[in-house]
Structures are given as structure tokens and as C-alpha cells.
Amino acid sequence: MNTINTALDNADLLAFERKPIHNSGKIQPYGVVLVLQEPDLKILQVSTNSYAVFGISPEEMLEKSLEDILDPFQIEKLEMGLQQDNLDFINPTKIWARKHGDDYVIFDGVFHRNTEGNLILELEPATSQENIPFLSFYHLARASINQLQETSRLRDFCQIIVQEVRKVTGFDRVMLYKFDEDNHGAVIAEEKLDHLESYLDLHYPASDIPKQARKLFSSNWIRIIPDTKAEPVALYPLNNPISDRPLDLTNSILRSPSACHLEYLHNMGVGASLTISLIEDGKLWGLIACHHLTPKYVSYELRKACEFLGRVIFSEISNREETEDYDYRMKLNYFGSQLVDDMSQSDDFVSGLIKHDTNLLNLTSARGAAVCYNGNWTLLGETPAEEELNFLVKWLYQNIDEEVFTTDSLAKIYPDADQYKNTASGLVAMAISRRNYVLWFRPEVIQTVNWGGDPHNAYQADHSQGNLKMSPRKSFELWKETVRLTSLPWKQVEVNAVKELRKAIVNIVLRKADELALLTNDLQRSNAELKRFAYVASHDLQEPLNHVSNYVQLLEMRYGERLDEDAKDFIGFAVEGVTLMQTLIDDVLAYSKVDSQVSQFELTEVRTPLEQALTNLQRRISESQAVITIQDNLPTIMADQTQLMQLFQNLLSNAIKFRSSAVPEIEIKAERQEYEWLFSVKDNAIGIDPQFCERIFIIFQRLHTRDEYPGTGMGLAICKKIIECHRGRIWVESELGKGSTFYFTIPVGGRERDRRN
Ligand code: ADP
């Protein structure tokens, strides 16, 4: 079905929707309504046509009770029936009402109690004197059902229903009308006199059957208007004498239709109508609408037979709807299980969804699909660009609560999608978790929808009489609408397949999260062990090293004079080696101490640790005459101040250490990005060959000998660990001979706000 928005969209229509239609106090004149007081069945209200029917004026009727009109044996029977809770036992009842003397009129009488507890008796002229036994309904339905068994398509099935109903009732036109999700409807089966114009496949806007009317159709399964031109008659008195309010006629058979509905039928050229509700799970699924050009009365029994037919047959329709897509459903089940298999066998579930013969596209017959997982996109088929998808996901995240959301007209709810209507007019969005989504797309397919009259001018409002009066459209002529920005609709079986897949993905993601948690535990344990080891090793190593260093120096002091030049050089090398070893140990210790568990994250003005680092490097700065420029207004961020100081110190000391022949010039900046701060430290030093730009962040990795430049190769490894502790990233952009810029990021909200969530 298409999704043209024909819902009520202006104030007049909304007011019209709310207008009650069940308590107008008017009935159709072909029958009589009596409102009775229990238990003595005194007449409280009567329709004003009582004189025409009984020869008794309404005023006189109010002085009587039912006993005065019916014979005692009937009263006795009725009184017994009325004691039962379920009035179906006496409905319908043949009622012989006394007119004059021995002159009787025969009615089909039906009792009901309304919400306020009033007992209402409705009398319709009887066409036969006998009650039709229930079994005849059964045979009627049985015959139709036998025919129905042979068809499997919903449409053929509906066609048989309208044929049968027309055969039984003799209406000029019988239609089966199905409601769409947005409450507009379309005629999906029709049987009619040959010369009448066909309404088959015409769509009707939701406002044609306003909310109030839909509600009444749900509680009253069958409605008859034998003569649409008949003048309605009022109840006398208009208000119920007990409640002093208009009577609730919701479940009344004779209730007069609203003036607007009658006008609608007149405009359609309908002289009589019979409507049978088709209800599925308490919701109005559709209607069987019977129209006759001239007035036509259908007896209570026959109506009941039709209602029965409607109920029994309709229970078959629901089954039929399900089995119709059976083959396709089976195919989707197969694709679904294939995907689950592939997912569980791949290291990451995303490639399981994308990389095999059966992929995401098969599951919904989509033309494009995209997976957004942990901030990364994986695209398949025809999709909008990643940048657009980022905005779309943000919008979904803020506006859509459903785990699986579908639309066949994305641009109508998310106007930006207009730009990529050729790939994504239709969308199925499956949320895996916050901001992680699987999306399917379908392109725009321009459709033509045939309406019964212009749906945008379904009614005209008239305020001239002081009151709002709505008039339905005069013309029901074919009105073609070209529908754009709409894809082919998603079938329920496809949506169900997506829901199933979601369960599997969520399970896999949860399992991966469990594995990850175990891994993190292991990692934490081995990290702790490593730290202990580094600490103990460096601490314990310091001591023997000091020993070596002391004794070598002692050797030089005591025996210096007896040693030749070579021996003195050797001692010098030994001292150098020991000093280097001590620096290495200090650096490894510094590295092992960078640990998020013991870091102190607090609001830190970046300038403070930077200035500490500059103070520590004061001597080297002045010796090298380095010029350091710092951007004004550096931000305040959530960070560990000591670690930040160490980070700046390492970066600055490298920029000075690896200087070229030029005077070192260093520039420090910070820039706000969407979720993080981006810092940069730019120098004019010797630069780095881009192929080594990643390697230099690994421990002990250096690009020069110690003779060229002193160092341990730990400085940048420590920087990297510090930044990782802050959940940021660090990298360098450089070229040999052209200086380097070191970049690092720190999340705006500190490490607690992972930038990907
Ligand atoms: P170290 O400075 O102790 O050698 P680092 O880990 O700090 O160790 O640096 C690793 C290597 O990266 C250095 O040996 C050097 O080759 C290169 N490097 C670091 N910073 C710079 C820089 N600013 N300019 C040029 N090369 C650099």
C-alpha cells in the first residue's frame, strides 16, 4: 500500500472527527425504538413514529408499559429472557404488537442495554413470521467456505466473499474494503451490476470513515440503512428522563446515520446500504460494503446470516494473509539462518553479514545496506554516502524508539533524505545498541494511486450557520495521484526477518562483549603483573648497577695512576654503559607507571602542565635559543595533570633534540572538534621519513644511533600510553627535512565519555 498522507490535517476535520455521532437522539423511521424501565417495563422514551406504527401517539405511549401493547404470554417469555445476562437468548424475538383490537403488527424485536443501563427495545417490521433457525446460517457459510478452500490468494478469496454476499442479499454492488495502516482504505474486491461503474482498486481517504464511525463499526458488526432518503425520527422526549441526557445509541440497530454520512451516500448515488465489519484482533481490518441504488430492506435474519458469514469467513482471511507469503517467508528464513551461521563463524559479525554469497540485501530484497558499528561504516550495494549516513543515524538515535523501524517514504519524515531519494526512499533501520545500526535501503519508485474523488478535498467546511457543518465531496470520480519520494513497501515478512536477525546479532554482540570482558580481565591481570615485574626489576636492578658504577669509579680513583690510557677508556665506557642502563630503567619505570587505574583525572587548565614542562626544559630551551609559540586561550580539559606535563615535556624535548641547523621554532595549538580537543606540536626539526611515523611510538624504537642523538627510544611510547589512558589518539605528520607536527586528541568529556558512544 502507498502512504499518502490523507489523515485529517486541518482543524475543521479534527473537530469533525471528534463530533459524537452515537447520541443524536434520532432513529431511522422504518422501525420503532422503546426505552423501558425495568422491572415493570414502563415506557420511558419512544420514537415519534409510534402513531404511524401502533396508532398511539408518543405522549400516550409514555403512560403505558410494554404489557399494554403485548399479550401477556409474550410478556412472560420476555421477562424470563430479560433476567439472563446475555440477551442473545431472546434476540431476535417475534413480537406481535396490538394496534387496534385484534389488529396486530409483527416485528423482529431486539433488546439491548446501553452503557448507562437503559433497556432498549428496537422493533423492525418482520418479513417472515418464523424465526430462521441458526443451522441455516451454518449451511450458508459452509457452502461458501467449501469454495474458499480452493483458493489461496487473498484477493481471489475476497472476491468469493463479495460474490456470496451479493448472491444472498441481492444488493446492486458489494465491495470488500481493506484499511491500511494509516486508516485510509481501498476496495480489493467488488461484485456489481454490469452497468455500474467499478470502484475496484480505488482508494478512499481515512476521513471518509471518521474515527467515531470506525469505533461504532468495531462495536456494531452490522449496519443497515434501508433508505438513505428517509427522514429520521426523534425520540420523545429527546433526553432520557432518568439521566436527563441524550440516550447512548451506540449499539442500536435503528440509530440514524449522521447527516454527513447520508450526504456522502447520496453523493455516491446510494439508496440503501448494508455494512459488515471485519475485525481482526479487536481492530477494524476492513468492511464488506453493500450498496443499492434504490431503498432496500434486509431482514434481521438475513443480516445475521451475513454477519455470521463475515465472521466465519474472516477468520479464514487472517490465515490466508499469513499463508500468502509462505514461500517467500521460507526463503527469508533460509537467508536469515545463513547469515547467522556466517556471523558466528567470522571474527567480526559485520563481515559475516556482508562478505558471503548470502548477504544483508537478500534478507529484505533491498538494493543497499549499511552497518554502523563502533563508529565505522560498512556499505553494501546502493547507499547514501557515509557522511549522509552519519546524519541519518544521529536523527534515528534522537527520534526513533523502535528497535526495528520501517518507512517507505523517508523524505516525508526526514526531509534531508530528499537528496538521496534514488537510493534511500525506503528505509529499514535496526538498532543494535546506542548508535550502532544496520540499515537497508530501497530507491524511489514513482507510483500512481487511484482515488475515489480528490482525497485532499474530501470535505468542505461550512461555518455560516454558526455551527461547523462538513459536507462530503460531490464527485467520486477517479482522481489519479502521482506519489513521489516513496519506495516499494516493506512486507511484514521482511520486517519479521529483520527482527529475527536482530536477536541473533544482539546475542553475538553480547557474547563478544562477554569474551571482551574476560579478555580485559586477563589483560588487567597481566598488566598488573608486568607493572610489578617492571617495578621490582628496575628497583632491584638499580642496586647492583649502583654497585658496578661505584666500584668502577673506585677502581679509577685508587688505581688511576697505574692504569694505562686504554684501561681508563674502558672504565669510561663502563660508567657510560651503567649511566645509560640507569636512564633506561628510569624510563621503563616511568612507562609502567602510566596507568589509567591510578591516573587522577581532574579539570586541568592545559596551560599549567605545559608551563611546568617548559620550566623543566628551561636550560635546553635557552641553550638552543628555541622559540616557542603557544596559542592563547588553551582549553581546560579533564586530564591527569602530571601525565600531561610529561607528554609536553617529551614532545618539546624531542623537538629541541632533533633540531636541524636552524634555530628551533615550536608552535603549540589546540582546536575544538565535535567530540574531542585536537592538540598539535609543530617543529622545524629534521623531520621523519613517513614510513617510520608509526614505528617511533613503539618502545625502544629509534631512528638514530646514540652517538647522533642520545635517548632511550621510550619518550614517544610513554606519550602514546598517556594519550591512550585519556582515550585519545596520537600520531605524527612529517617529511624528512621538513619538520614534524605531532597531533594528539583528548575527548571533551574526559575518558568517561568514549568518543564512539
Ligand atoms: P628518543 O627521543 O629517546 O630517541 P622517542 O621515543 O622520544 O625516543 O623518539 C623515537 C624516535 O622518533 C627518535 O629516536 C627520533 O628518531 C624520532 N623523533 C621523535 N621526535 C622527533 C622530532 N620532533 N623530530 C624528528 N624526529 C623525531
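Residues numbered from 1 in each chain as written. Predicted model: local features only at pLDDT ≥ 70, side-chain atom pairs only at ≥ 80, totals over all residues. Heavy atoms only, no water.

## Observations concerning the sheet that holds strand β24 (residues 627-630)
Within the open sheet, the 5 strands sit side by side as β24-β26-β27-β29-β28. Their pairing is mixed. One side of each edge strand has no neighbouring strand; the edge strands of this open sheet are β24 and β28 (730-734). Averaged over all neighbouring strand pairs, the angle between strand axes comes to 15 degrees, with direction disregarded. Relative to strand β29 (residues 740-747), β28 is paired through 5 bridges, and the arrangement is antiparallel. (Pairing = 2+ DSSP bridges. Helix = DSSP H or I, 4+ residues; strand = E, 2+ residues; numbered from the N terminus. Axes fitted to C-alpha atoms, helices over the stretch in contact; angles between N-to-C directions.)

## A word on the site of the ligand
Near the ligand, the surroundings consist of 21 residues, among which Asn-654, Lys-657, Asp-683, Arg-702 and Leu-716 are the closest. Measuring from an oxygen atom of the ligand, one finds a backbone N or O atom of Gly-713 at 2.9 Å. Interatomic distance of 3.3 Å between a backbone N/O atom of Gly-715 and an oxygen atom of the ligand. Considering the ligand on its own, with 520 Å² of exposed area, one finds that the protein chains cover 98% of that surface. At the level of secondary structure, the elements contributing two or more residues to the shell around the ligand comprise α20 (641-657), α21 (715-725) and β29. With 3 residues, α20 is the single largest residue contributor to the shell around the ligand. Taken together, the residues that form the shell around the ligand break down as 9 nonpolar, 9 polar and 3 charged. (Near = heavy atom within 4 Å. Polar contact = N/O pair within 3.5 Å; in protein donor to acceptor, adjacent residues only side chain to side chain. Areas by Shrake-Rupley, 256 points an atom, 1.4 Å probe, with all protein chains shown as cover. Nonpolar A, V, L, I, M, F, W, Y, C, P; charged D, E, K, R; others polar.)

## With respect to the pattern of salt bridges
Taken as a whole and judged by the stated rule, the model has 19 salt bridges. Of the charged contacts, one joins Arg-113 and Glu-38 as a salt bridge, the two residues approaching to 2.9 Å between their closest N and O atoms. You can see Arg-113 sitting in strand β5 (residues 103-113) and its partner Glu-38 sitting in the loop between β2 (32-37) and β3 (42-47), a full 75 residues away along the chain. The exposure class assigned to Glu-38 is partly exposed, which follows from its relative accessible area of 34%. (Salt bridge = Lys/Arg side-chain N within 4 Å of Asp/Glu carboxyl O. Buried < 20%, exposed > 50% of the residue type's maximum accessible area, 1.4 Å probe, protein only.)

## Things to note about the nonpolar core
Leu-647 and Phe-744 are the most contacted members of the largest nonpolar core, which has 43 residues in total. Those elements giving two or more residues to this core turn out to be α18 (607-616), β25 (636-639), α20, β26 (665-672), β27 (676-682), α21, β28 and β29. When residues in this core are grouped by element, the largest group, 8 residues, is from α20. Residues contacting Phe-744, with those up to four places away along its chain left out, are Leu-647, Phe-648, Leu-651, Trp-677, Leu-678, Phe-679, Ile-723, Arg-729 and Ile-730. (Core = buried A, V, L, I, M, F, W, Y, C linked by side-chain atoms within 4.5 Å. Contact = heavy atoms within 4.5 Å.)

## Focus: the environment of Ser-599
Summarising the element assignment, Ser-599 is placed in the loop between α17 (565-593) and β23 (602-605). For Ser-599 and Pro-205, which are 394 residues apart along the polypeptide, the C-alpha to C-alpha distance reads 65 Å. Discounting chain neighbours no more than four positions away, the residues touching Ser-599 are Asp-640, Gln-643 and Cys-725.

## Overview of the side chain of Arg-702
Structurally, Arg-702 is set in the loop between β27 and α21. In this structure Arg-702 is buried but unpaired, with Glu-708 as the nearest side chain of opposite charge at 7.2 Å. Separated by 2.9 Å, the side chain of Arg-702 and the backbone oxygen of Tyr-709 make a polar contact. At 3.1 Å, the side chain of Arg-702 and the backbone oxygen of Pro-710 are in polar contact. With residues near it in sequence (within four places) discarded, Arg-702 still touches Phe-658, Tyr-709, Pro-710, Gly-711, Thr-712 and Gly-713. (Lys, Arg positive; Asp, Glu negative; His and termini not counted.)

## Some details on the domain arrangement of the protein
The assigned domain composition of the protein is domain 1 (26-125), domain 2 (331-446 + 485-502), domain 3 (503-596) and domain 4 (597-757). Here the C-alpha centroids of domain 3 and domain 4 sit 23 Å apart. Listed per partner, the contact involves 13 residues of domain 3 and 17 residues of domain 4. Approximately 1,300 Å² of surface area, both sides summed, lies buried where domain 3 meets domain 4, with 66% of it carried by carbon and sulfur atoms. Linking domain 3 with domain 4 are 0 salt bridges, by the criterion used here. Counting across the interface, domain 3 meets domain 4 through 3 residue pairs in polar contact (both at pLDDT 80 or more). (Domains from an automatic or database assignment. Buried area = accessible area lost by both parts, 1.4 Å probe.)

## Quick word on the sheet that holds strand β18 (residues 436-442)
One open sheet accounts for 5 strands, arranged β15-β14-β18-β17-β16; its pairing is antiparallel. Edge positions in the sheet fall to β15 (376-381) and β16 (404-407), since each has one partner strand and no second. Pairwise comparison of adjacent strand axes, ignoring direction, gives a mean angle of 10 degrees for this sheet. Sheet analysis places strand β14 (residues 368-373) next to β18, joined by 5 bridges and oriented antiparallel. By the bridge assignment, Cys-372 is partnered in β18 with Tyr-437. Helix-sheet contacts for helix α13 (residues 386-399) involve β14, β15, β16, β17 (426-433) and β18, and the interaxial angle to β18 is about 115 degrees. Docked against the sheet, helix α16 (residues 492-559) engages β14, β16, β17 and β18, running at close to 25 degrees with respect to β17.

## A look at helix α7 (residues 211-219)
Buried within α7 are the following residues: Ala-213, Arg-214, Leu-216 and Phe-217. Taken down its axis, α7 places every buried residue within 160 degrees of arc, on the same side. Counted as exposed and oriented over 90 degrees from the buried face of α7: Lys-211 and Lys-215. Buried residues along α7 sit in contact with β10 (222-225), β12 (272-280) and β13 (283-292). (Arc of directions from axis to C-beta.)

## Observations concerning the pairing of β29
Of all 8 residues in β29, 8 are buried, a share of seventy percent or more. Taking every second residue as pointing to the same face, both faces of β29 are buried, with Ser-740, Phe-742, Phe-744 and Ile-746 on one and Thr-741, Tyr-743, Thr-745 and Pro-747 on the other. Pairing of β27 with β29 involves 7 bridges; the strand directions are antiparallel. For Val-681, the partnering residue across the bridge sits in β29 and is Phe-742. Between β28 and β29, which follow one another and run antiparallel, lie 5 residues, and Gly-737 among them has a positive phi close to 80 degrees.

## Structural notes on the packing of aromatic side chains
For the structure shown, the criterion picks out 11 aromatic pairs. Consider the rings of Tyr-177 and Phe-179, whose centres lie 5.4 Å apart with planes at 85 degrees: the pair is edge-to-face. Each member of the pair, Tyr-177 together with Phe-179, is buried. Here Phe-658 and Tyr-709 contribute two aromatic rings whose centre-to-centre distance is 4.9 Å and whose plane-to-plane angle is 50 degrees, an arrangement assigned as tilted. Of the two residues, Phe-658 is situated in the loop between α20 and β26 and Tyr-709 in the loop between β27 and α21; the sequence distance between them amounts to 51 residues. Neither residue differs from the other here; Phe-658 and Tyr-709 are each classed as buried. Aromatic rings pair up to connect Tyr-177, Phe-179 and Tyr-204 into one cluster. In this structure, Arg-173 packs its charged tip against the face of Tyr-199, placed 3.7 Å from the ring centre. In this structure, Arg-442 packs its charged tip against the face of Trp-490, placed 3.9 Å from the ring centre. (Phe/Tyr/Trp six-rings, centres within 6.5 Å; stacked < 30°, edge-to-face > 60°. Lys NZ or Arg CZ within 6 Å of the ring centre and 35° of its normal.)

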